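Fold and contact review
Residues per chain are reported as follows:
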Amino acid sequence: MSIIEHLQIAVKNTSPYRPDWKAVVEKHFDLIQTHVKPFLPGAIQEDFQERGAKDYRLNAALTIPEFTQILIKCVLYYNNRHYLTGYQRDADQIAENVQPIPIQLWNFGIQHRSGRLRKVSEDILRFNLLPTEEATVTPGGIRFQGIYYSCPTALKEKWFVHARTHGIFKVAVSYDPRNVSQIYLRLGRTQYDVCNLLESQARYRNQSLEDVNYLLAWEKQNQAESQDLELKERISLAAEIEAIVEEARRKTRAESLSLSKTQKLRDIRENRRQEKEVNRKQESFSLVRSSASERSERRDEEVQEERSYLRILKQKQEDVFYGDR
């Protein structure tokens, strides 16, 4: 664990199957439940799985921050108010009238029995409390859990160029699983460099690692489903192309039965040019902006032409019915 290695804290574990050696901590879990459980809507009771029992989950009303607030108040109550009935004070504590309450015992110990305590900054402490894993330096960035980062150290030492020319390599990083916007490159026991998301990875900003893993798994599933659908569509596309080609071959055979091979090949270039010219005239267009006066004049001309056409048509009708008079 990082806090043990880098902050030089000794941790001693009690032997298994000896609950009497760790009763204070384990018992307090039960004490918190005893204090809190009766007040929590949605708390599971002992008769939860019995037939006809109420489903207590339907009464749930607390959010995670609210539940956390309740637990913090329970801890503060225990540290500041709980009287340790089984604690035996020594002569110095009795002389100083130190009550067997956790906060008073703590303050007495800090004042008289602190020994050689060490101090570290809050950031360094938090840094060493974070989980640590390996990230991969690639030509495209520092890759961690499928996400890419960069940092001043990597740019200064040209890590990405080195990875491109000599191959990828591993580095140790710490991370906060609650927010993957940043990871921390470990440079020593108390030194680190902040790695930020690349601009192309902006969709992961302020997301938890759990949400990112879910998103990547969901996209992978979508990709697999899309590949199956794409394969079906590709087969359909091939069938449609074959049908078009077969129809073109049928027409070609019908039109060129009387032509020799030399005649078929002789005018290929000219036929291609003529075909392009036809397509050019059919598909070309012009975006010409005309003024209001030009549009009005054009409309007047169209009206005059229409009237002239109507007069001619009327004259033709009269000639049919009345003949020359």
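Please refer to the structure placed before this passage.
Here, residues in each chain are numbered from 1, in the same order as that chain's written sequence. In keeping with the predicted nature of the model, local features appear solely for residues at pLDDT of at least 70, side-chain atom pairs appear and are counted solely at 80 or more, and the whole-chain, interface and lining totals rest on all residues. The side-chain figures draw on all heavy atoms in the structure; neither hydrogens nor water molecules are used.

Looking only at helices and strands, the protein chain features 12 helices and six strands. Each residue gets one of three labels from its accessible area relative to the maximum for its type: buried under 20%, exposed over 50%, partly exposed in between, using a 1.4 Å probe on protein chains only. Counting across all 325 residues of the protein chain, residues that qualify as buried make up 18%. Partitioning the intrachain contacts of the protein chain with sequence separation of at least 6 by distance along the chain shows that 49% fall at a separation of at least 24. The way it works is that DSSP assigns letters per residue, a run of H or I at least four long becomes a helix, a run of E at least two long becomes a strand, and they are numbered from the N terminus. Contact definition: two residues touch when any of their heavy atoms are within 4.5 Å.

Here Q93 lies in helix 4 (residues 91–95). Setting aside residues no more than four positions away along its own chain, Q93 makes contact with Y87, Q88, V98, L105, F108 and R113.

Residues of helix 6 (residues 122–129) that are buried: I124, F127 and N128. What you see down the axis of helix 6 is that its buried residues fit within an arc of 90°, all on one side. With respect to the buried face of helix 6, the exposed residues turned more than 90 degrees away are E122 and R126. Taking the helix axis as origin, the arc is that swept by the directions to the C-beta atoms.

On to the sheet that holds strand 1 (residues 132–138). Strands sit in the order 1-2-3-6-5-4 around a closed barrel of six strands; the barrel is antiparallel. On average, each strand axis in the sheet is inclined to that of its neighbour by 45°, with strand direction left out of account. A strand pair is defined by DSSP finding two or more bridges across the two strands. Sheet analysis places strand 3 (residues 147–150) next to strand 6 (residues 192–197), joined by two bridges and oriented antiparallel. Within the sheet, the bridge partner assigned to Y149 lies in strand 6 and is L197. Under this scheme, a helix contributes an axis fitted over its contacting stretch, all axes are lines through C-alpha atoms, and angles between N-to-C directions fall in the 0 to 180 degree range. Sheet contacts for helix 8 (residues 159–166): strand 1, strand 2 (141–144), strand 3, strand 4 (169–176) and strand 5 (179–186); angle to strand 1, the most-contacted strand, approximately 70°.

Even without being glycine, Q145 reaches a positive phi, approximately 55°. Examined against the element boundaries, Q145 turns out to sit in the loop between strand 2 and strand 3. Exposure remark for Q145: the relative accessible area of 30% places this residue in the partly exposed category. You will see that N206, though not glycine, has its phi angle at about 65°, which is positive. Its place among the elements puts N206 in the loop between strand 6 and helix 9 (209–255). Under the relative-accessibility criterion, N206 is labelled exposed at 56%.

Turning next to the nonpolar core. In this structure, I142, Y149 and W159 are the most contacted members of the largest nonpolar core, which totals 22 residues. When residues of this core are traced back to their parent elements, those giving at least two are strand 1, strand 2, strand 3, helix 8, strand 4, strand 5, strand 6 and helix 9. Those residues in contact with W159, other than ones at most four positions away along the chain, are V137, I142, T153, A154, F169, V171 and L185. Residues enter a nonpolar core if they are buried and are Ala, Val, Leu, Ile, Met, Phe, Trp, Tyr or Cys, with the set joined through side-chain atoms within 4.5 Å. Counting five residues, the second largest nonpolar core, distinct from the first, contains Y78, L84, V98 and F108.

By the element assignment, G188 lies in the loop between strand 5 and strand 6. Taking the C-alpha atoms as reference points, G188 and H6, separated by 182 residues in sequence, lie 8.2 Å from one another. The residues touching G188, leaving out its near neighbours within four places in the chain, are H6 and F127.

Next up on the list: the side chain of R186. Relative to the helices and strands, R186 resides in strand 5. In this structure R186 comes out as buried when scored by relative accessible area, which is 13%. What qualifies as a polar contact is a pair of N or O atoms within 3.5 Å, subject to a donor-acceptor requirement within protein and to the restriction that residues adjacent in sequence count only when both atoms come from side chains. At 2.9 Å, the side chain of R186 and the side chain of N128 are in polar contact. There is a polar contact of 2.6 Å between the side chain of R186 and the side chain of S174.

With that settled, consider the pairing of strand 6. Sheet analysis places strand 5 next to strand 6, joined by five bridges and oriented antiparallel. Residue L185 lies in a different strand from strand 6, and its bridge partner there is D193. Linkage of strand 5 to strand 6, two consecutive antiparallel strands, is achieved through a turn of five residues.

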